[in-house]
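Breakdown of the fold
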Amino acid sequence: MKAITKKMWNPISATVMITTSAISIALYYFDLIGPQLLAFLLLVSLFIARSIHIADQWEKAVVLRMGKFQGLKGPGIFFIIPILDQIDKYIDQRVRVTDFKAEQTLTKDTVPVNVDAVVYWTVWDVEKAALEVQEYEVAIFYIAQTGLRDIIGKHELADILQERDKIAEDLQKVLDENTNPWGITCQTVGIKDIIIPQGLADAMSKEAQAERERRARVILGTAETEIAHKFSEASEQYKKNPVALHLRGMNMLFEGLKEKGSMVIVPSSALDSMNLGATGGLVSLAKANELEEPKNRMVDSAE
């Protein structure tokens, strides 16, 4: 966590100190003032310079007077009474980020996991944040870590892996309940990473692969069932219409003979029943004629 830093000097106070000191020394150099007046002017310069402070646009300065809370100053330039007043700290009101993790935390089903998370928070009441808690950044870190461990222990591993948003939402509510009295609100909690043991990860991977193979086999079996059903319907149609079966057989034979160098073997019963022998001969004769035509053309062109 970042340490609290107090701004002792700023450009304006430093400029005032250097300018007034230079003028006082110059007056003393030209014998216009004595050493006592010089010391007095230097003390006045220091007093004025220490009373000038600047807070950035996103900051509030906590001012204490004689140890008691005096008020908040800034943003911009403001003045305090040196010696009596002091600036305890500058509180940043921008949204800030805190990383935290829960290492080797057991889930409800006794699985050790490492969870990395992040919380986005902001100070909405500077006075409460300054007076109610000493180091609110450290407190938020430990509350977030403890809350994450408690939530992990109440959920099973499957729920943690599948419902990250729900886990983050529950943790955000827990943090808000603890930090709102401090004037701090936790806007968002995000789960960055969940690390499980390597052996368990391998087992889960094998389980997922087996499930995918089971689904593939089921889909393949469903497809085979649908194909068989369609073939059954087609057989009924061919049974009622022999001519359609005859035309289908002729078409299959023709498609097979169209391929170059192909040979189709069919049962003799099919040749007799559908007269495919004559059809095959006609197709073969046509193929032979197609091969002879280029030769005849070459002979005619040579003559």
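This section reports on the structure supplied with the text. (Residues numbered from 1 in each chain as written. Predicted model: local features only at pLDDT ≥ 70, side-chain atom pairs only at ≥ 80, totals over all residues. Heavy atoms only, no water.)

Attention shifts here to a nonpolar patch on the surface. Together, L37, F40, V44, F47, I48, M66, I81, I83 and L84 make up a nonpolar patch on the protein surface, roughly 880 Å² of accessible area in all. In this structure, F40 sits in helix α2 (residues 35-51). Judged by relative accessible area, F40 falls into the exposed class, the value being 51%. (Patch = residues over 30% accessible without salt bridge, like charges linked within 9 Å, V, L, I, M, F, W, Y side chains within 5 Å. Areas by Shrake-Rupley, 256 points an atom, 1.4 Å probe, with all protein chains shown as cover. Salt bridge = Lys/Arg side-chain N within 4 Å of Asp/Glu carboxyl O. Helix = DSSP H or I, 4+ residues; strand = E, 2+ residues; numbered from the N terminus. Buried < 20%, exposed > 50% of the residue type's maximum accessible area, 1.4 Å probe, protein only.)

With antiparallel pairing, the 3 strands of this open sheet are ordered in space as β6-β7-β8. Because the sheet does not close on itself, it has two edges, and the strands there are β6 (96-106) and β8 (184-195). This sheet shows a mean twist of 25 degrees between the axes of neighbouring strands, independent of strand direction. Pairing of β6 with strand β7 (residues 112-123) involves 9 bridges; the strand directions are antiparallel. Looking at β7, one finds that T105 is bridged to V113. Across the sheet, helix α4 (residues 136-153) is in contact with β6, β7 and β8; its angle to β6 comes to roughly 35 degrees. (Pairing = 2+ DSSP bridges. Axes fitted to C-alpha atoms, helices over the stretch in contact; angles between N-to-C directions. Contact = heavy atoms within 4.5 Å.)

This part is about the sheet that holds strand β5 (residues 85-92). Spatially, the 3 strands line up as an open sheet ordered β3-β2-β5, and their pairing is antiparallel. Taken across any chain shown, the strands that pair with only one partner, and hence form the sheet edges, are β3 (68-73) and β5. Shown here is a sheet whose adjacent strand axes are inclined to one another by a mean of 25 degrees, direction ignored. Inspection of the sheet shows strand β2 (residues 59-65) paired to β3 by 5 bridges, in the antiparallel sense. Bridged to V62 within β3 is L72.

This part takes up unusual backbone geometry. The residue after G74, namely P75, is reached through a cis peptide bond having omega 0 degrees. Along the chain, P75 falls in the loop between β3 and β4 (76-79). Phi angles above zero are rare outside glycine, and M66 is one such case at about 55 degrees. Within the fold, M66 resides in the loop between β2 and β3. Note on M66: relative accessible area 62%, which makes it exposed. Not every positive phi belongs to a glycine, and T110 is a case in point at roughly 55 degrees. For T110, the position within the fold is in the loop between β6 and β7. Owing to a relative accessible area of 60%, T110 belongs among the exposed residues under this scheme.

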